[in-house]
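# What the coordinates show
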Amino acid sequence: MIIRSQSRDHGRLLVNEDFAALLTDNRITTADALWEIAGTGVKNVVRERGTSRCFLQNQDGSRLECYIKRYLPIPWREKLKNMLTLKPYNFDAIHEWNALHRFLELGMNTMTPMAAARFADGRSCNLTLGITDYVRASELFAGFDPEKDSERRLRLIGRIARLAGRMHAAGIAHQDFYLVHFFVKPDEDDNVYLIDLQRMIFQPKLARRWRIKDLAQLHFSAARYVSETDIRFFWEIYAEQSGINPADRSLQQAATAKAERIRRHDAKRAARR
């Protein structure tokens, strides 16, 4: 899918052409108007970034569910951390806007970008169309019946493996590749949508460290739901899609080891609560 964009408000506001009329009807014609959309907070994990659910009015009187994500300027400590870890990325709303475009261009499912804005003071925000009628992959796996749902379960594992492989083959890493960020649409034959693309890494050829990080996060979050047979099935498809040698087990071993480190760290953090 190719998203065609318009520039408004002296270049401060970017708009998906498919939603240009809707945004105008809702008086969202400037960067300030986009930032000031009223909504209900749904996710505020870090101080510098928060997401709110909001609604726009269609001409027929119905409401369209959307999500506005607002970014505050990145603190110097975060900029320094990124430089020290060789991550010279500005993870703001425009970076996420570009990530959404790239992901959709590659034919993979994610949120639909509607508009984005950047301000001279370092703030930025973006508006995305809400994904409706979905179930998180983590909830699906937790509720699967081992016998009745075995075919559906394997199909879902295969789709996640293909998405991971295609993403890495395209030089993209997610950095938050946990099952909770996979939305599954049962009414679309369990099509998988990957959300929260704000920290995506883009490289001509994806470095091994980013593959390991993504795969370890996925392994950690899926460990309680999958068997060794499931894991082998995943790796066969992932290897084919990502262009790595399926006989080379070093990447899988490195990801498994990192997943164990994540598990231990998570257990220690839980014990301190």
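Quick caveat, the model's predicted, so the values are computed rather than measured. Within every chain, residues take consecutive numbers counted from 1 along the sequence as written. Note on the predicted model: pLDDT of at least 70 is required for a residue's local features to be given, and 80 or more for side-chain atom pairs to be given and counted; whole-chain, interface and lining totals, by contrast, use all residues. Water and hydrogen atoms were dropped before computing side-chain values, which therefore reflect all heavy atoms in the structure.

## Things to note about the sheet that holds strand E11 (residues 191-194)
We treat two strands as partners when DSSP finds at least two bridges between them. Each helix corresponds to a stretch of at least 4 residues labelled H or I by DSSP, and each strand to a stretch of at least 2 residues labelled E; elements are numbered beginning at the N terminus. Strand order in the open sheet made by the three strands is E8-E10-E11, with antiparallel pairing throughout. In the strand order of this sheet, the two ends are held by strand E8 (135-136) and E11, each with one partner. Across four bridges, strand E10 (residues 182-185) lies against E11 in antiparallel orientation. Bridge pairing links Val-184 to Val-192 in E11. In this analysis, two residues are considered to be in contact whenever any of their non-hydrogen atoms come within 4.5 Å of each other. With axes taken as lines fitted to C-alpha atoms, and helix axes fitted only over the stretch in contact, angles between N-to-C directions fall between 0 and 180 degrees. Running at roughly 45° to E11, helix H6 (residues 150-169) makes contact with E10 and E11 of the sheet.

## Quick look at the pattern of salt bridges
Definition used for salt bridges: Asp or Glu carboxyl oxygen within 4 Å of a side-chain nitrogen of Lys or Arg. Overall, the coordinates contain 18 salt bridges when judged by the stated rule. Arg-12 is the salt-bridge partner of Asp-32, the closest N and O atoms lying 3.3 Å from each other. In this pair, Asp-32 is assigned in helix H2 (residues 31-35) and Arg-12 in the loop between strand E1 (5-8) and strand E2 (13-16), connecting sequence segments 20 residues apart. With a closest N to O distance of 3.0 Å, Asp-92 and Arg-118 form a salt bridge. Here Arg-118 lies in strand E6 (residues 112-118) and Asp-92 lies in the loop between helix H3 (76-84) and helix H4 (93-105), a separation of 26 residues in the sequence. A relative accessible area of 42% means that Arg-118 is categorised as partly exposed. Because the salt bridges share partners, they merge into one network encompassing Arg-152, Arg-155, Arg-159, Asp-189 and Asp-190. Buried residues are those whose accessible area, probed at 1.4 Å on protein chains only, stays under 20% of the maximum for their type, while exposed residues exceed 50% and partly exposed ones sit between those limits.

## A few points about the pairing of strand E7 (residues 124-129)
Counting buried residues in E7 gives five out of six residues, a clear majority hidden from the surface. Both strand E5 (residues 63-71) and E7 contribute to a ladder of six bridges, which runs antiparallel. Residue pairing for E7: Ile-68 is matched across the bridge by Leu-127. Sheet topology note: the E6/E7 ladder contains six bridges and is antiparallel. Counterpart to Ala-115 in the pairing with E7 is Leu-127. Connecting E6 to the next strand, E7, in antiparallel fashion are five residues, including Gly-122 with a positive phi near 100°.

## Regarding H4
In a helix, the anticipated span is given by 1.5 Å times the number of residues less one. The terminal C-alpha atoms of H4, which comprises 13 residues, lie 18 Å apart, in line with the 18 Å expected from a rise of 1.5 Å per residue. Within H4, burial applies to Ala-93, Ile-94, His-95, Glu-96, Trp-97, Ala-99, Leu-100, His-101, Phe-103 and Leu-104. Positive phi shows up at Gly-107, right after H4, with a value of about 80°.

## A few points about the packing of helix H8 (residues 228-242) against helix H9 (residues 250-272)
Relative orientation of the contacting elements H8 and H9 amounts to 130°, with a least axis distance of 12 Å. Considered as vectors, H8 and H9 are oriented oblique to each other. In this structure, H8 crosses over H9, and the sense of that crossing is right-handed. Here Ile-231, Trp-235 and Tyr-238 of H8 come into contact with H9, specifically with Leu-251, Gln-252 and Ala-255. By residue class, the composition of the contact of H8 with H9 is five nonpolar, one polar and no charged. For classification, angles of less than 35 degrees are called roughly parallel, those exceeding 145 degrees roughly antiparallel, those between 65 and 115 degrees roughly perpendicular, and all remaining angles oblique. Handedness of a crossing is defined here by the sense of rotation of the near helix relative to the far one, left-handed for an anticlockwise turn of less than a right angle and right-handed for a clockwise turn. As a working rule, the residues Ala, Val, Leu, Ile, Met, Phe, Trp, Tyr, Cys and Pro are called nonpolar, Asp, Glu, Lys and Arg charged, and the rest polar, with Gly in that last group.

## Focus on the nonpolar core
Definition of nonpolar core: a set of buried residues of the types Ala, Val, Leu, Ile, Met, Phe, Trp, Tyr and Cys, connected through side-chain atoms within 4.5 Å. Ranked by size, the top nonpolar core spans 41 residues in total, and within it Phe-141, Ile-160, Leu-179, Phe-182, Leu-194 and Phe-234 carry the most contacts. Contributing elements (two or more residues each) for this core: H4, helix H5 (137-143), H6, E10, E11, helix H7 (208-222), H8 and H9. Discounting chain neighbours no more than four positions away, the residues touching Leu-194 are Phe-103, Asn-109, Thr-110, Met-111, Leu-163, Met-167, His-174, Phe-177, His-181, Phe-182 and Met-200.

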